[in-house]
Structure formats: C-alpha cells, structure tokens
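Single-letter residue listing:
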Amino acid sequence: MSSVSADRLGRLRLHVAAAVTALLVLAPLGRPGYVLRYDMVFVPRQPLRWDLFASGDALPRAVPQDAVVSLLSLAVPGWLLQRIVLVAIIWFAVVGAGRLVPARRELTRLVAAIGYAWTPFLAERLLLGQWGLLLTYAALPWLVRALIGLREGRPGALPRLIVAAAAAAITPTGGLLALTTVSVLLLGRGGPGRRACGAAIGAVAALNLPWLVAAMVTTAGGRSDADGVAAFAARGENWAGPLVSLAGTGGIWNSLTTPASRGALLVPVVTAGLLVLAALGFPVLRDRWPAGVAARLGVLSIGAFVGAATATLPGGAAALRWLVAEVPGAGLLRDGQKLLIPYVLCLVLCAALGGERTAARLGRPAGRLALIGLVLLPVAVLPDLAYGVAGRLQPVRYPQEWGVVARAVAQEPGPALSLPMSMYRSYGWNHGTVVIDPLARYLPVEVVTDDTLLVGDRAVDGESSRVAHLRAAITEGRSLAGSDLRWVVVQHRSGGTVPPQVLEGLQVVHSGSELTLYRNPTVSPPGVEQRAGWPLILSLGCALAMLLFAILSLSRRPTAW
C-alpha cells in the first residue's frame, strides 16, 4: 500500500472513531428538544440584542459566544445548532488529537484520539454546560498542528492557525489560552519565519478584540468577588486529593458535575500509570517534533497545571484572592481547573507515545494487545461518559407559555426583569436540572437576571450595580412600578417567592401555571440607546473578516486537515 493510500485510510479510521465516540456520548440527543444544563442554554431562535453582544454593566464572560449564536440562529434553529456544536466538539477532538500525535502505528493514533475525547475534563465541563470552553478543547490540537506547520514554513499554516484560534476564542478564557499557546510556541523564534510568527500572534490577538472591547466599555469595575476563589477551587474526587484529581484531568469545583466513576478506588492508580507512560513518551515526542516544540508544549502544560492547582497550594489561595479583588480581569483565574486544557493535550500525546514505546519492547502480538487495551482504557475507567454522561444530558421542550410571553414583550420592547431573583433555575419540566436562567436568551428584549452565584453555602457576588439596586428594592419591598423596567416576568415553580408589594402598580398581561407577565405602565417609552456600539461591531467584524479570509484562503488550495 502506498503512503498516500495509507494516510487516507488512517484519516478514515479517525473519522470513524469520531463518529462512534460522538454517538456513544451524545446518544440521548437523538430525541427532540434542548439539553439545558448549567451554562448550556439554547433556545428556538436566540435574538440579536445589544446586551448579548456585550452587557453594559457586567463582565463579558459570554463574549463573543452569545453574539455568534445569535448570528447563526438567523439560519439554523437552536435545537439543530446545539447538536452541531456538541458533535463538532467530540469529532474535532478525536480527529485533531489523532492527527497531531507523531505516531508510527495507527493504533497509537487511536490511543491519542480516544484518550483526548474521553476524559474527565470533557465529561465534567459538558455536565457544567460549558460548550464554549470545550470548543477551545477541541480546537487546541489543530492549533498546535498549525503552529508546527508555521514553524516549518508549510503553505496554508497561517490560515489554519487562524481558523483554529477563532474557534477557541469564542470565550475570553479560550481566547487567552489560544494566545498563550501561540506565544509560548512561537515567541523567541528567529530566522526567515519571524514575520509569519509575528503575523500569527497579531492575528490571534485580534481575535480576542470582541471581548476585550466589551470589557473596556462595560460599567462593571472588572474586579470580582474574592470569595469565589474558595468556591471555585479544584476539588478532590477520590481518596488521593485534588492534585491527583487534576493530574487525571478532573478536579472540577462542582461535585454535581462529577461522574460517579471518578470516585472509584483504582482511579488514582490509573492516573499514576498514565503519568509513567507520559514520562516514557515525552522523549519520543521531543525527537519526532521539530526542535524545541515539545519542550515548549511541556512548559505550557506545566504552567496550565500550576494555574489549575494554585488555589489548593500553600499560599496560593491568598495570592489569588488578592489578584481577583485588586486586578481587573483576574476573576478569570478563579475557576483554575478550566486552564488544564494544554496539560490534558500534552498528557494524552505523551501517554500514547509511551504506550507505543512500550509496545515496541513487548513485540508484535503482545504490543498490539497492549495498544488495544490503551484504546479501551478511557472507556473502562470513565464508563459513565457514555449515553449522555449516564443519561444526564436529556433533551426537553420549553413550555408553550414561554412562546406566548416572548410574543407579548416583542410588541412593546423594553427591559424585563426575571423573578424570583436567581441566576440559576430548576424546572420540573427540565427534570429538576440546574440551568442558568433561559429567559435571558429566550425573550427578544433585554432581560435583567440576578448575578449572585450560590456555590454550596457561599454567595459569590456579581458586578452589576443595576442588579444590586433592584435586589435591594425587592428586599425592602418597594414596588417595581417606579423602575425603568417595562416588563416583569415571575417564574413559578423555579424556587423562591416574590413579595406581593413588589408587584403593586404593575398590570398583568399573561397569567399561567409557569409564568406571569407584568407590564409597567409608568415607565417612559424607550429612547435611543446610548451604547458604545461601533467599537463592538468593528471588533467583531474584524474577527469575522479575518476568519472568512482564512477559510477562503484554504478553499483555494488543497489542504489536509
């Protein structure tokens, strides 16, 4: 068999592995409806609204993610868009890791491919609904592969890098991880490729402009509640403690989004075995990649691990508390476990090559069996990632009342308040699953929701002065008729109560078993909104234009992703 045919067959195997993995993980999504879990909210048609592009009084945690979803919703319904996104995450994670690993055996590629797509990190962040962060996870192998191509002067490497970085930069954390990865792997490199390296760093920096501009124009101070450091610190999932959980790519702060299998007695033993394999595989990675690339990725992965573990290390929590309270934007570091992505990639690549090295010593029959065992090991250790993380990803339908309320507020646009005050909701029709308030994305008008996050018995304060003012008014029992709100929506059966005096002077427009919609007759008609619109539009337009240019550039030449 020729090398070209073998390469095509190898790619086909990776795509088959991706299809099987996506089917195993996302099988429940074959039913109609929307999966609503924690930060994952999709609605039939997410509206194009200024506050979804950039909130005027909150930090841009979902910029440009919400804007991208709103734009795509013009062409694709929300139920389909959610499935496309989730399948793409798993598919590109499988194929990307399999293509990136410098293997000499096809089974080694499958070890890396399945190992990267079947991790505690992916399972836990999927249960937390952070699909934007998982796009970064899926894009990182492609980004590193493009960086290697750029260092070697391969044609089309820069456009490939831009496409991968654009997928990663859909959230601020992802954009910073992409920029850090590009900088670590390229900075300090001299020679004829210096100009291309500078262009790459500049391009990825430009892809971060949407959330950077949004952060500059918001009235939120940029500093966050330092109590969030303890609330979001990495957590031990078994007898070995948080550091070993992080080493095994788990350790998320939320115990409710941890697969049950992570508490098994043998999980730390398997983690230790993977670290041994990774130590055996790192010299192989160093020898097969261009000089210095493996060492730089290793430094990046160590930095990612330290960042994830900082809150659990002596003195680390105190340092983080100071940073979060005093340095604008440092709140991104509170949930350190999400920074593990480069570490996960490096661990999987090195462990796969360590398995290949061990298999070569064992000989053909035993070595092949050993590699097959490594392909199946992630599934054996984390069996509850299958079938929607043991059935926890269940599609549901929105009650018909939601559509009735959406149509009513669309006839008279104006800001709405969602009551009772709570950032997250738990609905009976959503099987009691916790989800961030979907009204903020469902209604065609700006929806004010609470920004105080409850983590166990801790309350982590938000940044919005407007929300704080409304919360004080409700606590004191003052009527909302004197506010600037056009609408108030009371959600029944989602926890909490609303003092009756708060609703005095408001007109009932719709009253149902799930929602009651009130209209404020005293509020003035909305005027022209004074928002820093043009900088936001220009920054997002710049990023989209760069992405489009990269895609067109790749479409004009034969390319093998």
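The written sequence of each chain sets the order in which its residues are numbered from 1. Only residues with pLDDT of at least 70 get local features here, since the model is predicted, and only at 80 or more are side-chain atom pairs given and counted; chain-wide, interface and lining totals rely on the full set of residues. In computing side-chain values, all of the structure's heavy atoms are included and hydrogens and water are not.

**Q** With reference to specific residues and values, describe the packing of helix H14 (residues 267-288) against helix H17 (residues 341-362).
**A** Helix packing for two helices is described by the angle between their axes and how far apart those axes are. Note on method: axes are straight lines fitted to C-alpha atoms, helices fitted across the in-contact stretch only, with angles between N-to-C directions ranging 0 to 180 degrees. The secondary structure listing takes helices from DSSP runs of H or I that are at least 4 residues long and strands from runs of E that are at least 2 residues long, numbered from the N terminus. Contact geometry of H14 with H17 gives a least axis separation of 6 Å together with a crossing angle of 85°. The pairing of H14 with H17 is recorded here as roughly perpendicular in orientation. Contacts between H14 and H17 involve Leu 274, Leu 275, Leu 277, Ala 278, Leu 280, Gly 281, Phe 282, Pro 283, Val 284, Leu 285 and Arg 288 on the former and, on the latter, Tyr 343, Leu 347, Cys 350, Ala 351, Leu 353, Gly 354, Gly 355, Glu 356, Arg 357 and Thr 358. Here the term charged refers only to Asp, Glu, Lys and Arg, the term nonpolar to Ala, Val, Leu, Ile, Met, Phe, Trp, Tyr, Cys and Pro, and the term polar to all other amino acids, Gly among them. Grouping the amino acids of the contact of H14 with H17 by side-chain chemistry returns 14 nonpolar, four polar and three charged. Should an angle fall under 35 degrees it is called roughly parallel, over 145 degrees roughly antiparallel, and 65 to 115 degrees roughly perpendicular, with every other angle called oblique. Note on contacts: a residue pair qualifies if any of its non-hydrogen atoms lie within 4.5 Å across the two residues.

**Q** For the packing of helix H7 (residues 131-152) against helix H9 (residues 172-186), give the residues involved together with the corresponding values.
**A** For the pair H7 and H9, interaxial distance at closest approach is 10 Å and the crossing angle is 20°. When the interaxial angle is binned, H7 and H9 end up roughly parallel. Of the two possible hands of crossing, H7 and H9 adopt the one that is right-handed. Contact residues: H7 offers Leu 133, Thr 136, Leu 140, Leu 143, Val 144, Leu 147, Leu 150 and Arg 151, while H9 offers Thr 173, Gly 174, Leu 177, Ala 178, Thr 181, Val 182, Leu 185 and Leu 186. Helix crossings are classified by the rotation of the near helix relative to the far one: an anticlockwise turn of less than a right angle makes the crossing left-handed, while a clockwise turn makes it right-handed.

**Q** Talk me through the packing of aromatic side chains; I want residue IDs and the actual numbers.
**A** Aromatic pairs are defined between Phe, Tyr and Trp rings, using the six-membered ring for Trp, whenever the two ring centres lie within 6.5 Å; interplanar angles under 30 degrees are classed as stacked, those over 60 as edge-to-face, and all others as tilted. All told, the structure shown has 15 aromatic pairs when counted by the stated rule. With a centroid separation of 5.4 Å and 40° between ring planes, the pair formed by Phe 42 and Trp 131 is classed as tilted. Note that Phe 42 is positioned in the loop between helix H1 (3-26) and helix H2 (50-53) and Trp 131 in helix H7, a separation of 89 residues in sequence. An aromatic cluster is defined as three or more aromatic residues linked by ring pairs; in this entry it consists of Tyr 34, Tyr 398, Trp 402, Tyr 427, Trp 429 and Tyr 442.

**Q** How would you sum up unusual backbone geometry? Please name residues and give values.
**A** Residue Pro 64 follows Val 63 across a cis peptide bond; omega there is 0°. In this structure, Pro 64 sits in the loop between H2 and helix H3 (65-72). Cis peptide bonds are those with omega within 30 degrees of zero, and the linkage from Leu 419 to Pro 420 qualifies with -5°. Of note, the phi angle at Thr 249 is positive, near 70°, even though the residue is not glycine. Relative to the helices and strands, Thr 249 is located in the loop between helix H13 (242-247) and H14. Each residue's exposure class comes from its accessible area (1.4 Å probe, protein chains only) as a fraction of the maximum for that residue type: buried when under 20%, exposed when over 50%, partly exposed otherwise. Relative accessible area serves as the criterion here: at 3%, Thr 249 is assigned to the buried category.

**Q** Can you lay out the environment of Asp 66 for me, pointing to particular residues and giving the numbers?
**A** Locating Asp 66 in the fold gives a position in helix H3. Taking relative accessible area as the criterion, Asp 66 reaches 8% and is therefore assigned buried. The spatial distance from the C-alpha of Asp 66 to the C-alpha of Asp 451 is 17 Å, given a sequence separation of 385 residues. Those residues in contact with Asp 66 that sit more than four places away from it in its chain are Gln 46, Leu 52 and Arg 441.

**Q** Which residues make up the side chain of Arg 49, and what values do they have?
**A** Tracing the chain through its elements places Arg 49 in the loop between H1 and H2. At a separation of 2.6 Å, a polar atom in the side chain of Arg 49 contacts the main-chain carbonyl oxygen of Leu 443. N or O atoms closer than or at 3.5 Å make up a polar contact, with two conditions inside protein: a donor-capable atom paired with an acceptor-capable one, and, for residues adjacent in sequence, both atoms drawn from side chains.

**Q** Provide a residue-level description of the pattern of salt bridges, including the pertinent values.
**A** Here, a salt bridge means any side-chain nitrogen of Lys or Arg that lies within 4 Å of a carboxyl oxygen of Asp or Glu. This structure, assessed with the given rule, holds 19 salt bridges. The residue Arg 321 makes a salt bridge to Asp 227 at a minimum N-O spacing of 3.5 Å. Remark: Asp 227 occurs in the loop between helix H11 (209-217) and helix H12 (228-231) and Arg 321 occurs in helix H16 (residues 316-326); sequence separation between them is 94 residues. Residue classification places Arg 321 among the partly exposed positions, given a relative accessible area of 37%. Glu 356 is the salt-bridge partner of Arg 288, the closest N and O atoms lying 2.6 Å from each other. Residue Arg 288 is found in helix H14, and its partner Glu 356 is found in helix H17; the two are separated by 68 residues along the sequence.

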